[in-house]
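A look at the structure
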Amino acid sequence: MPVALSDARRLKDLPQFVIPDKGFEAFAAQAWIEFNVRRPELRDVRVRQAIAHALDKNFMVRAIWLGFGTVATGPISTALKQFYSKDVKTYAFNIEQANKLLDDAGYKRGANGIRFKITHDPLPIAEFYFRTGEYFKQALQKIGIDVELRTQDYATWIKRIYTDNDFDSQNATSYNLPDPSMGVKRYFWSKNIAKGVPFSNGSGYSNPAVDALLESAQVENDAAKRVEQFASFQRIVTEELPQITIADIQWFQLESRRVRGAANGPYGMHGNLAGVSFA
Amino acid sequence: MARMGCTATWPASALPDIVKNSRIWRLLLSRLGRSAVIVAGILVVNFSLLHLAPGDAVSVLAGESGGADKEYVDRLRETYGLGRSLPEQLIAYAKGLLRFDLGWSFRNNTSVSELIWSRVPATLLLVGASVSVAVFIGVVLGVASSRRPNSATDNVISVVSLLAYATPAFWLGLMLIVLFSLKLGWLPAGGFRSADLDLRGFAAAVDIARHAVLPILTLSMFYSAIYARLTRASMLELAQFDYVRTAYAKGLSERAVRYRHVLRNALLPLATLLGIQFGSLLGGAIVIEMVFSWPGLGRLAFEAIMARDMNVLLGILFLSSLLVVFINIAVDMVYAILDPRIRAH
């Protein structure tokens, strides 16, 4: 049963429930906002960087994720300790800098204060995606970008993003999985721009340097070299921002205190119930 | 419908008459023939409409499992026959139907007919019991309020049925859960039976009945109100007719006139409405089944829409349309039993 974050906060304080502080390590979930870089305005990296400056990630973690996560710096989660790199370009919450970047990119405010208009499609399966969309709209209003929020059902969303590419921006979460070659590569590798394949490279981002890094990391046997390759990858992607990573999300399970052995592996609710019993 | 000066009392030999009456059999045959055309039309319309929805089962399956690669997705579409053109898919589906094969649910990995049959009892219980309760309450209240129009009883019944008519079913259901499950703790808040699988026989029946009370009450409320209003109106209208005065003149008691002469004719429009509303009752059941987590066809249909599980959805819609068509034929036949004049014409 999915539990709303707001309910989880309330329920975990009740004496009969507990939220174990482990259990989902194999997934390393992240929340992000992705751009369709085929669109004229969003093709300009300065526009994407301006949007990153306009988003207060601390606020998003506090107000949208209700503290079930930490601010992310790039496309590899801190949960993947050996691959995560701190040495990346970060974007301080700074409206003036965002406005300056947009001015430099040539998108002046019109008479109504609007520079241009984009659409945003939250993944329509849980409340936090809609909240992220609403915050995105409000935040971008301050830098003169008008955001139109759209809703649809799950299958329509999948088709819109990954088959028709008929979107400007969207937000969702995804799993890094135990290795970046499994869960991260798919969003940034240009050969994975695959129509009809959910959670592939939907942004249309294509950079031969990134492709080369991802491909060699996939087959590299030297662990240290792989770490180096992924560090370079994180540097380039945080510079070019086809996705803005918002937060490393801590998925969790809410358990009755009568349940024993439910948090018995790194796969959380995707694991099995072999060791579970009632006290 | 002509209701001129003819009393409709129950002839002792009604049923044998019907069996012998060739008119009725011809009527039945022509209705069946027409229904075949209607059902085929419904099938084509359903099929075309459903495929207007963006996305397919594979995008949902692969999306929910967190992603996939191109080869895997392509192979799934190939296996499920989703790569073919729509007319080809329709012809394949219709061919299957002729062999009584409703197809395969790729999402549930079981045959559609098995899936549907496993859900039929719950919906049948919900809809059947709701219709019975609605007709019973509706007729009782309708008769009671028609005895003395504009009396206190009549006014109270009118206000209550107006309220029941105007209340959205999903809201009523949620409020009943709040009252009876959360506050009072008398009845379970949802589901078809409790997790205790050891219940057998009578105990199991009581368990299911306890789960069924709130959904049945919720679904029947709206229809009870309509039937009460309808029964009251037709009772009052029929009381003005000459044949009723004739019946009184014959020296029959008020009771006999009310129940044998007036009520019996007043049931005819009710039967018509029941037949027409059966489809919407199945539709209403979807909302109730979602509110009460009732494992019936309605919830199966809803889940099938979200998952783009077209075979399941087509199967449910096809069977529902069959059911509605046959219920309406049955209603036509019930007229013949209720009203001898229809047999005569």
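1. Observations concerning the overall build of chain B
Secondary structure summary: chain B contains 14 helices and 2 strands in total. For chain B, the C-alpha atoms occupy an extent of roughly 85 × 55 × 40 Å along the three principal directions. Per-residue burial over chain B gives 42% buried out of 345 residues. Long-range pairs, those at least 24 residues apart, make up 77% of the contacts in chain B with a sequence separation of at least 6. Accessible surface for chain B amounts to roughly 18,400 Å². Of this, 68% is attributable to carbon and sulfur atoms. Of the side chains in chain B, 32 bear a positive and 22 a negative charge, and the two mean positions are spaced by 13 Å.

2. Here we look at the overall build of chain A
Within chain A, the secondary structure is distributed over 10 helices and 10 strands. A compact globule built from 279 residues would reach a C-alpha radius of gyration of about 19 Å, and chain A, at 20 Å, matches this within 12%. Expressed along its principal axes, the backbone C-alpha trace of chain A runs to roughly 65 × 45 × 35 Å. Taken across its 279 residues, chain A has 54% of its residues classed as buried.

3. Quick notes on the pairing of strand E4 (residues 116-122) of chain A
Residues and elements named next belong to chain A. Most of E4 sits inside the fold, with 6 of its 7 residues counted as buried. Taking the sense of rotation as the criterion, the β-α-β connection linking E4, helix H5 (residues 127-141) and strand E5 (residues 145-149) turns out right-handed. Examined bridge by bridge, E4 and strand E6 (residues 169-175) share 3 bridges and lie parallel to one another. Its bridge partner being in E6, Asp 121 is matched across the sheet by Gln 170.

4. Details of the packing of aromatic side chains
All names here are of chain A. Using the criterion set out here, one finds 24 aromatic pairs over all chains in the structure. In textbook terms, an aromatic cluster arises when at least three aromatic residues are bridged by ring pairs, as seen for Phe 83, Phe 188, Tyr 205, Phe 230 and Phe 233. The cationic tip of Lys 185 hangs over the ring face of Trp 189; the distance from NZ or CZ to the ring centre is 3.9 Å.

5. Quick notes on the interface of chain A and chain B
Counting residues at the interface gives 13 residues for chain A, matched by 16 residues for chain B. At the boundary of chain A with chain B, total buried surface from both sides reaches about 1,100 Å², with 62% on carbon and sulfur atoms. Viewed at the interface, chain B and chain A are joined by 1 salt bridge. For the salt bridge of B:Arg308 with A:Asp153, the shortest nitrogen-to-oxygen distance reads 2.8 Å. At the surface where chain A touches chain B, the tally comes to 5 residue pairs in polar contact (both at pLDDT 80 or more). In the side of chain A that touches chain B, the residues fall into 7 nonpolar, 2 polar and 4 charged.

6. As for the pairing of E6(A)
All names here are of chain A. The buried fraction of E6 amounts to 7 of the 7 residues, a majority that puts the element mostly inside the structure. By the alternation rule, side chains of E6 split into Ser 169, Asn 171, Thr 173 and Tyr 175 and Gln 170, Ala 172 and Ser 174, which are all buried. Sheet analysis places strand E2 (residues 29-35) next to E6, joined by 7 bridges and oriented antiparallel. Of the residues in E6, the one forming a bridge with Glu 34 is Gln 170.

7. Some words on the side chain of A:Gln243
Residues and elements named next belong to chain A. Note that Gln 243 resides in strand E7 (residues 243-249). Only 3.1 Å separates the side chain of Gln 243 from the side chain of Glu 34, close enough to count as a polar contact. Sequence-distant contacts of Gln 243, that is, excluding residues within four places in its chain, are made with Trp 32, Ile 33, Glu 34, Tyr 187 and Phe 188.

8. What to know about helix H8 (residues 169-183) of chain B
Residue and element names in this part refer to chain B. In this model H8 runs 20 Å from its N-terminal to its C-terminal C-alpha over 15 residues, within 8% of the 21 Å that 1.5 Å per residue would give. Buried residues of H8: Leu 172, Gly 173, Leu 176, Ile 177, Phe 180 and Ser 181, and no others. Of the surrounding elements, those touching the buried residues of H8 are helix H9 (201-239) and helix H11 (254-291).

9. Re the confidence of the model for chain B
Residue and element names in this part refer to chain B. Summarising the model, chain B shows a mean pLDDT of 82, and 91% of its residues fall at 70 or more. The low-confidence segment residues 1-8 (pLDDT under 50) makes 18 contacts with residues lying over four places distant or belonging to another chain. Per the prediction output, this complex has pTM 0.79; the corresponding ipTM is 0.71.

10. Structural notes on the packing of helix H6 (residues 112-147) of chain B against H9(B)
Each pair of packed helices gets described by two things: the angle between the helix axes and the distance between those axes. Residue and element names in this part refer to chain B. Viewed as axis vectors pointing N to C, H6 and H9 meet at an angle of 40°, and their least axial separation amounts to 5 Å. Seen along the crossing, H6 lies across H9 with a hand that is right-handed. Of the residues that constitute the contact of H6 with H9, the class distribution is 20 nonpolar, 8 polar and 1 charged.

11. With respect to H5(A)
All names here are of chain A. Its 15 residues give H5 an end-to-end C-alpha distance of 21 Å, which sits within 8% of 21 Å, the value for a rise of 1.5 Å per residue. Taken as a whole, H5 has its buried residues at Phe 128, Tyr 129, Thr 132, Gly 133, Tyr 135, Phe 136, Ala 139 and Leu 140. Looking straight down H5, one finds its buried side chains confined to an arc of 170°; they lie on one side.

12. A closer look at unusual backbone geometry
Residues and elements named next belong to chain A. Its identity is not glycine, yet Asn 165 carries a phi of approximately 50°, on the positive side. With respect to the element layout, Asn 165 can be found in the loop between helix H6 (154-162) and E6. Taking relative accessible area as the criterion, Asn 165 reaches 10% and is therefore assigned buried.

13. Topic: the sheet that holds strand E3 (residues 69-71) of chain A
All names here are of chain A. Strand order in the open sheet made by the 6 strands is E3-E7-E2-E6-E4-E5, with mixed pairing throughout. Two strands close off the open sheet at either side, each with one partner strand: E3 and E5. Neighbouring strand axes in the sheet, compared pairwise and without regard to direction, differ in orientation by 30° on average. Of the pairings in the sheet, the one linking E3 to E7 comprises 3 bridges and is antiparallel in character.

Each value, and the rule that gives it
Residues numbered from 1 in each chain as written. Chains lettered and ligands numbered in written order. Predicted model: local features only at pLDDT ≥ 70, side-chain atom pairs only at ≥ 80, totals over all residues. Heavy atoms only, no water. Helix = DSSP H or I, 4+ residues; strand = E, 2+ residues; numbered from the N terminus. Buried < 20%, exposed > 50% of the residue type's maximum accessible area, 1.4 Å probe, protein only. Contact = heavy atoms within 4.5 Å. Areas by Shrake-Rupley, 256 points an atom, 1.4 Å probe, with all protein chains shown as cover. Lys, Arg positive; Asp, Glu negative; His and termini not counted. Charge placed at Lys NZ, Arg CZ, Asp CG, Glu CD. Rg over C-alpha atoms; globule rule 2.2 N^0.38 Å. Right-handed = clockwise from strand over helix to strand, strands pointing away. Pairing = 2+ DSSP bridges. Phe/Tyr/Trp six-rings, centres within 6.5 Å; stacked < 30°, edge-to-face > 60°. Lys NZ or Arg CZ within 6 Å of the ring centre and 35° of its normal. Buried area = accessible area lost by both parts, 1.4 Å probe. Salt bridge = Lys/Arg side-chain N within 4 Å of Asp/Glu carboxyl O. Polar contact = N/O pair within 3.5 Å; in protein donor to acceptor, adjacent residues only side chain to side chain. Nonpolar A, V, L, I, M, F, W, Y, C, P; charged D, E, K, R; others polar. Expected span 1.5 Å × (residues − 1). pLDDT = per-residue confidence, 0-100. Axes fitted to C-alpha atoms, helices over the stretch in contact; angles between N-to-C directions. Left-handed = near helix turned anticlockwise from the far one by under 90°. Arc of directions from axis to C-beta.

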